Number of protein chains: 2
Amino acid sequence: MNPEFPHDDKIPEAVIRRLPKYYRYLQEMSRRNESRISSSKMSRDMGLNASQIRRDLNCFGGFGQQGYGYSVSKLLEEVSKILGIDRRYGVVIVGAGNIGQALIRYSKFIEQGFDIKGVFDIDQKKVGSLMDSFVVQHVDTLDTFAHKTNVDIGIICVPRIAAQQTADMLVMAGVEGVWNFAPIDVQARKGVSVENVHLNDSLYVLCYRMTEGDRLPPL
Amino acid sequence: MNPEFPHDDKIPEAVIRRLPKYYRYLQEMSRRNESRISSSKMSRDMGLNASQIRRDLNCFGGFGQQGYGYSVSKLLEEVSKILGIDRRYGVVIVGAGNIGQALIRYSKFIEQGFDIKGVFDIDQKKVGSLMDSFVVQHVDTLDTFAHKTNVDIGIICVPRIAAQQTADMLVMAGVEGVWNFAPIDVQARKGVSVENVHLNDSLYVLCYRMTEGDRLPPL
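What you are looking at is a predicted structure, and each value in this text was computed from that prediction instead of being measured.

Student: Residues and numbers for the overall build of chain A, please.
Tutor: When you go through chain A residue by residue, the secondary structure sums to 9 helices and 10 strands. Each of the 219 residues in chain A was classed as buried or not, and the buried ones make up 52%. Residue pairs at least 24 apart in sequence account for 54% of intrachain contacts in chain A once pairs closer than 6 positions are excluded. As displayed, chain A offers around 10,700 Å² of accessible surface, 51% of which is attributable to carbon and sulfur atoms.

Student: Describe the sheet that holds strand β10 (residues 193-196) of chain A, with residues and values.
Tutor: Residue and element names in this part refer to chain A. Taken in spatial order, the 6 strands of this open sheet run β7-β4-β3-β8-β9-β10, and their pairing is parallel. Each edge of the open sheet is held by one strand with a lone partner, namely β7 (137-138) and β10. Where strand β9 (residues 177-180) and β10 come together, 4 bridges link them in parallel fashion. Bridging from a neighbouring strand, Trp179 pairs with Glu195 of β10.

Student: Give me the lowdown on the pattern of salt bridges, citing residues and values where you can.
Tutor: Inspection of the entire model under this criterion finds 26 salt bridges over all chains. Of the charged contacts, one joins Arg32 of chain A and Glu28 of chain A as a salt bridge, the two residues approaching to 3.2 Å between their closest N and O atoms. Owing to a relative accessible area of 52%, Arg32 of chain A belongs among the exposed residues under this scheme. The salt bridge involving Lys41 of chain B is made with Asp45 of chain B; its shortest N-O contact spans 2.7 Å. Of the two residues, Lys41 of chain B and Asp45 of chain B are both situated in helix α2 (residues 39-46); the distance of 4 residues between them amounts to about one turn of the helix.

Student: Describe the packing of aromatic side chains, with residues and values.
Tutor: All names here are of chain A. In total, this model carries 8 aromatic pairs over all chains according to the counting rule given. Note on Trp179 and Phe181: the rings are 4.7 Å apart at their centroids and 75 degrees apart in plane angle, and the pair reads as edge-to-face. Since its relative accessible area comes to 0%, Trp179 is described here as buried. The cationic tip of Arg87 hangs over the ring face of Tyr89; the distance from NZ or CZ to the ring centre is 3.8 Å.

Student: Quick rundown of the side chain of Asp121 of chain A? Include the residues and the values.
Tutor: Residue and element names in this part refer to chain A. Along the chain, Asp121 turns up in strand β4 (residues 114-121). For Asp121, a relative accessible area of 8% gives the class buried. Reaching out from Asp121, the side chain makes a polar contact with the backbone nitrogen of Asp123 at a distance of 2.9 Å.

Student: Can you break down the relation of the copies chain B and chain A residue by residue, with the values?
Tutor: Screw-axis analysis of chain B against chain A gives a translation of 0.0 Å along the axis, an RMSD of 0.0 Å, and a rotation angle of 180 degrees. Viewed as a symmetry operation, the transformation between the two copies matches a two-fold axis. Among all residues of chain B, the minimum C-alpha distance to the rotation axis is found for Ala102 of chain B, at 3.0 Å. A symmetric contact is evident, with 98% of the interface residues of chain B recurring at the interface of chain A.

Student: Could you give me a rundown of helix α1 (residues 13-31) of chain A, with the residues and numbers involved?
Tutor: All names here are of chain A. Taking 1.5 Å of rise per residue, 19 residues should cover 27 Å, and α1 covers 28 Å from first to last C-alpha, within 8% of that figure. In α1, a bend of some 25 degrees at Leu19 exceeds every other bend along the element, and Pro20, a proline, comes one to four places later. Looking one or two residues beyond α1, the residue adopting positive phi is Asn33, at roughly 60 degrees.

Student: Describe the nonpolar core, listing the residues and the values that go with them.
Tutor: The biggest cluster of nonpolar side chains holds 104 residues, and the ones touching the most others in it are Ile153 of chain A together with Ile153 of chain B. Discounting chain neighbours no more than four positions away, the residues touching Ile153 of chain A are Tyr89, Gly90, Val91, Val92, Phe114, Val175, Gly177 and Trp179 of chain A together with Leu203, Leu206, Cys207 and Met210 of chain B.

Student: Outline the packing of helix α2 (residues 39-46) of chain A against helix α3 (residues 50-58) of chain A, listing residues and values.
Tutor: All names here are of chain A. One way to put it is that α2 packs onto α3 with a least axis distance of 8 Å and a crossing angle of 110 degrees. When the axes of α2 and α3 are compared, the pair comes out roughly perpendicular. In this structure, α2 meets α3 at a crossing whose hand is right-handed. Packed against α2, whose contacting residues are Ser39, Ser40, Met42 and Ser43, the element α3 presents Ala50, Ile53 and Arg54 at the interface. In terms of residue class, the contact of α2 with α3 is built from 3 nonpolar, 3 polar and 1 charged.

Student: Quick rundown of the interface of chain B and chain A? Include the residues and the values.
Tutor: Of the residues lining the interface, 60 residues belong to chain B; the matching set on chain A comes to 61 residues. In this assembly, chain B packs against chain A so that about 5,700 Å² is buried in total across both faces, 61% of it on carbon and sulfur atoms. Of all residues in chain B, the largest losses of buried area upon contact with chain A belong to Tyr204, Tyr208 and Met210 of chain B, amounting jointly to 13% of the total for that side. Our count for the chain B to chain A interface comes out at 8 salt bridges. A salt bridge links Arg24 of chain B to Asp185 of chain A; the shortest N-O distance between them is 3.8 Å.

So, how was this worked out
- All chains use their own residue numbering, which begins from 1 and follows the written sequence.
- By the order in which they are written, chains take letters starting at A while ligands take numbers starting at 1.
- Per-residue local features of the predicted model are confined to residues with pLDDT of at least 70, and side-chain atom pairs are confined, for both listing and counting, to 80 or more; whole-chain, interface and lining totals are unaffected and use all residues.
- Each side-chain value is derived from all of the structure's non-hydrogen atoms; neither hydrogens nor water enter the calculation.
- By definition, any uninterrupted DSSP run of H or I lasting at least four residues is a helix, any uninterrupted run of E lasting at least two residues is a strand, and each is numbered from the N terminus.
- Each residue's exposure class comes from its accessible area (1.4 Å probe, protein chains only) as a fraction of the maximum for that residue type: buried when under 20%, exposed when over 50%, partly exposed otherwise.
- Residue contacts follow a heavy-atom distance rule, with two residues in contact if any of their heavy atoms lie within 4.5 Å.
- Note on areas: Shrake-Rupley with a 1.4 Å probe; residue coverage comes only from the protein chains shown.
- Pairing between strands is defined by DSSP: at least two bridges between them are needed.
- A side-chain nitrogen of Lys or Arg and a carboxyl oxygen of Asp or Glu constitute a salt bridge if their distance falls within 4 Å.
- For this analysis, a ring pair means two rings from Phe, Tyr or Trp (six-membered ring only for Trp) whose centres lie within 6.5 Å, classed as stacked if their planes differ by under 30 degrees, edge-to-face if by over 60, and tilted for the remaining angles.
- As a reminder, the over-ring test applies to NZ of lysine and CZ of arginine, requiring each to be within 6 Å of the ring centre and within 35 degrees of the ring normal.
- We define a polar contact as two N or O atoms separated by no more than 3.5 Å, with the added condition that, inside protein, one atom must be a possible hydrogen donor and the other a possible acceptor, whereas residues neighbouring each other in sequence contribute only through side-chain atom pairs.
- Least-squares fitting of one copy onto the other uses the C-alpha atoms of those residues that reach a pLDDT of at least 70 in both copies.
- A helix is expected to span 1.5 Å multiplied by its residue count minus one.
- The term bend refers to the angle at a residue between two fitted axes, each drawn through seven residues, those ending there and those starting there.
- As used here, the term nonpolar core means buried Ala, Val, Leu, Ile, Met, Phe, Trp, Tyr and Cys residues forming a set that is joined through side-chain atoms within 4.5 Å.
- Only C-alpha atoms enter the line fits that serve as axes; for helices the fit covers just the stretch in contact. Angles between N-to-C directions range over 0 to 180 degrees.
- These descriptions rest on fixed angle ranges, namely under 35 degrees for roughly parallel, over 145 for roughly antiparallel, 65 to 115 for roughly perpendicular, and the rest for oblique.
- Take the far helix as your reference; a near helix turned counterclockwise from it by less than a right angle gives a left-handed crossing, and one turned clockwise gives a right-handed crossing.
- Residues are grouped as follows: Ala, Val, Leu, Ile, Met, Phe, Trp, Tyr, Cys and Pro are nonpolar; Asp, Glu, Lys and Arg are charged; every other residue, Gly included, is polar.
- The term buried area means the drop in 1.4 Å probe accessible area that two parts suffer when joined, counted for both and summed.

What follows is the structure, encoded as structure tokens:
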């Protein structure tokens, strides 16, 4: 595999979005002690076209040998490396409300290489209180905190109205990535990556499918 | 617009996935009191290709007039209708843990046409306790409850190991849609729609982008 990812700029968004799906699938295969996997089995299990799977993986150099399939552990390792989750990330959470709280307690999240370094809020009633094992700190101290701690990612769990300002604050504090749960797309300067999570989107897609079902002619 | 969506079976997954994005964008335009919108402005604001926007909307019959753009309110109404969120849904939450709790308190969620009817858990310590305004009920009572209440959607907030069993239980109880937050894909019989939410996927994509940035040559 080429460590310099020479084709990076050509990798389509859809392929990137499928990578976590490969990662999850390979984790599951690894849990089941599968050592090798063919693209045709992956295709059946994941509901993706086998040639698409080969094309996707070829974007990153290709890891299979014709007729031998892929080594699960090697492919899992490579996909982790491609995703950049073969390292640990320092994380701060801004907004000690319900979503922030759920994320802190979402154990899976912490297990997988993401270390929560601090939790921040603007509400004086929350500042100083304990949220799990974290003392909630005032956002005004975020900048100082982030500059003396290793913080890579800021998670935004504040209301819509405060979301962009929080993003700006996180960027000033030096984070390289923003994971935003406020129901509005936030922006950051070039060089800082942003993922806006819209929980409701998948609920709407669910409603679409339910409605679509109703629209089909009866059997 | 054709009320029977004759092209439904041909609508690509990617278009369906973009619909909630259109919906959110149009809501925002509506909040800003914009009455008309051109596909070129939508294109700039949403970061999508203008011809793609026209193609997407044409899948559902097309709502614009060449040179006049789209009526924001009409398009918003149509997109709601297409998504099937122009009605109310009865919802039960199974799993009164952190994610379940966060969802209950996620006010936006309730505002937008989804009525939480009941919260269920298997843990006797939780059963009978109050979670917000809901008394947590035992899952064993779910079937009876769902058959005398109008429940359309079941939300799974239980651990991975119990997820498929919970999905089966919800299907037996007559739900038409399953919104699953357990970190494993659950399945349901034909006729029941499922959306598996993988919160970490977008975190991984964020890590990918952050790593991709590191891989670019320095300026």
